[in-house]
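Listed here are the chains, written in short residue letters.
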Amino acid sequence: MTSDNGTLCNAKIFCEELWNNYDSKYPTFSNRINPIFLYIAIYQHLTAQRSLADSTGRKLQLELIESFEAWIPKIEQARHIDWIELHTEIIDLIQDKTADYSYGTKQSGSYIRDVSENGLWDSNINHQLFQMLPVSVSNFEKNNHNLEIVRQVKNQLSKLYSLPINDSIPGENELFELLTIEVSHLLIGTPCPLCKLDKLDTYLYLFQSSALRESKSKRECAQLASSIQVLVNDIQKKGSKPRPIEPFLRMGFGYSVQLVKDYNQLIELLDSKVFSVSKEDISDGIEVSIWRYPNKQDSLNLITLKGDGKFILFIENEDISFNSASAATEYIMTKLTKAN
C-alpha cells in the first residue's frame with residue numbers, strides 16, 4: 001500500500017515512525033505500557049480526524065485506517081485510549097508524507113468513519129490524569145506468596161473492571177493486566193507503609209476515570225482500596241517467603257539448638273517460588289504449615305518439629321515420620337507436583 005508520493009504507509013510502519021515521538025512525550029511509559037495501546041490511540045485519532053474529500057492527506061488517512069483494520073482485527077471495537085495523546089505528531093507526519101498542509105487544519109472536512117463526539121471534552125484531560133497515576137517503579141519477586149497476592153488483587157479489581165474480559169477486543173486483556181500489576185506493585189512490600197494506601201486510593205480513582213471511563217465515586221474507590229489493603233495484609237500475616245530463625249530469636253523464644261537446626265534445614269529446602277510457609281509455636285515444638293497457591297486448602301501440609309531430629313508430617317489422619325528435612329521436603333514436593 002503506497003501513497004501518491006510513493007511512500008510506504010501501512011499502519012505498522014506508520015506506528016514505528018511515530019515511536020520516537022511517543023517515547024519522548026511519555027518517558028514513564030517505556031517498558032510499562034503495552035504497544036497495543038499506542039496502536040489503538042493512533043487508529044482512533046485517524047478515525048476521529050476530519051479531512052477534506054479527495055485531498056492527499058485524506059487518501060493517506062483512509063489507507064492507514066484500512067491498514068490498521070487489516071493488521072489488528074476488531075480494532076474499531078477497542079476501548080478509547082485517549083490517555084495517549086499524539087494529535088499534533090500524527091498530523092505533522094501525515095503532512096510531511098503528503099505535503100498536504102490542509103490536513104488537520106480545516107474543520108470543514110468530514111469523518112471517514114462514523115464517530116461519536118460524546119466525551120471529546122474528557123479526551124482533552126485524560127492523558128494528563130493518566131500521567132498523574134502514583135506508579136511504583138520497584139519490582140517484586142515473583143515467588144509463590146507474591147503471586148497469590150496478585151491473584152487476590154485481580155479478583156478484587158473485578159469490582160472496577162467488568163469481567164469476563166472479551167479476549168477478541170484489542171487491548172482489553174492488556175489493560176486489565178496493567179491495572180492488576182500496578183496495583184500489586186503499590187501494595188507488595190514488607191512492611192507496607194501506610195502511605196501506600198493513600199496512593200492506591202488515588203490510583204484507582206484516576207485509572208477508572210481516565211482509562212476505563214467508569215464513574216465510581218471517590219468514596220467507592222477509597223473503599224475498594226481499603227478492602228484490597230486488608231486482604232493483602234491478611235495474606236502477608238498468614239504466610240510468606242520462608243525465613244530462618246536467627247540466633248537471637250532462638251534465645252528469645254527458648255528454642256533448643258536442635259529445633260532451630262531442624263526448622264532452618266527444612267525451610268532452606270523449600271522453594272519460595274513454589275511454597276508459602278508459616279510457623280506456629282505449639283506446646284512441645286513448632287508446627288510448620290506449607291502450602292501452594294492458589295489451592296491452599298488442597299495443598300496444605302503440616303509438619304511438626306519437636307527438636308529431636310524428626311519431621312512428622314500429618315497426612316490423612318495419620319503421622320508419617322521422616323529422619324531428615326530433605327526426605328520430608330522431597331515427599332511434599334513430589335506429592336504436590338502430582339496433585340497439580
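Since we're looking at a predicted model, the values are computed, not measured.

Q: Explain the pairing of strand β3 (residues 301–305) to me, and be specific about the residues and the numbers.
A: Among the five residues of β3, four are classified as buried, and the element is accordingly described as predominantly covered. Bridge count for strand β2 (residues 285–291) against β3 is five bridges, and the pairing is antiparallel. Within β3, the position partnered with I290 by the bridge is N301. Sheet topology note: the β3/strand β4 (residues 311–315) ladder contains four bridges and is antiparallel. Paired with T304 across the two strands is I312, which belongs to β4. In sequence, β3 turns back onto β4 through a hairpin of five residues, with G307 there showing a positive phi of about 80°.

Q: Give a description of the packing of aromatic side chains that names residues and reports values.
A: Each aromatic ring pair is specified by the distance between its two centres and by the angle formed by the two planes. Enumeration according to the criterion identifies 15 aromatic pairs in this entry. On the numbers, 4.8 Å between centres and 10° between planes, the contact of Y26 with F29 is stacked. The class of F29 is buried, set by a relative accessible area of 1%. A ring pair is formed by Y161 and F176, whose centres lie 4.9 Å apart and whose planes are at 45°; its orientation type is tilted. Taken together, the positions of Y161 in the loop between α6 (144–157) and α7 (172–187) and F176 in helix α7 put the pair 15 residues apart, joining distant regions of the chain. Here the two residues Y161 and F176 agree in accessibility, since each one is buried. Here the aromatic cluster, defined as three or more aromatic residues joined through ring pairs, consists of W19, Y22, Y26, F29, F37, W83, F130, Y203 and F207. Between R79 and the ring centre of Y161, over which it is positioned, the NZ or CZ distance is 5.0 Å.

Cut-offs applied
Residues numbered from 1 in each chain as written. Predicted model: local features only at pLDDT ≥ 70, side-chain atom pairs only at ≥ 80, totals over all residues. Heavy atoms only, no water. Buried < 20%, exposed > 50% of the residue type's maximum accessible area, 1.4 Å probe, protein only. Helix = DSSP H or I, 4+ residues; strand = E, 2+ residues; numbered from the N terminus. Pairing = 2+ DSSP bridges. Phe/Tyr/Trp six-rings, centres within 6.5 Å; stacked < 30°, edge-to-face > 60°. Lys NZ or Arg CZ within 6 Å of the ring centre and 35° of its normal.

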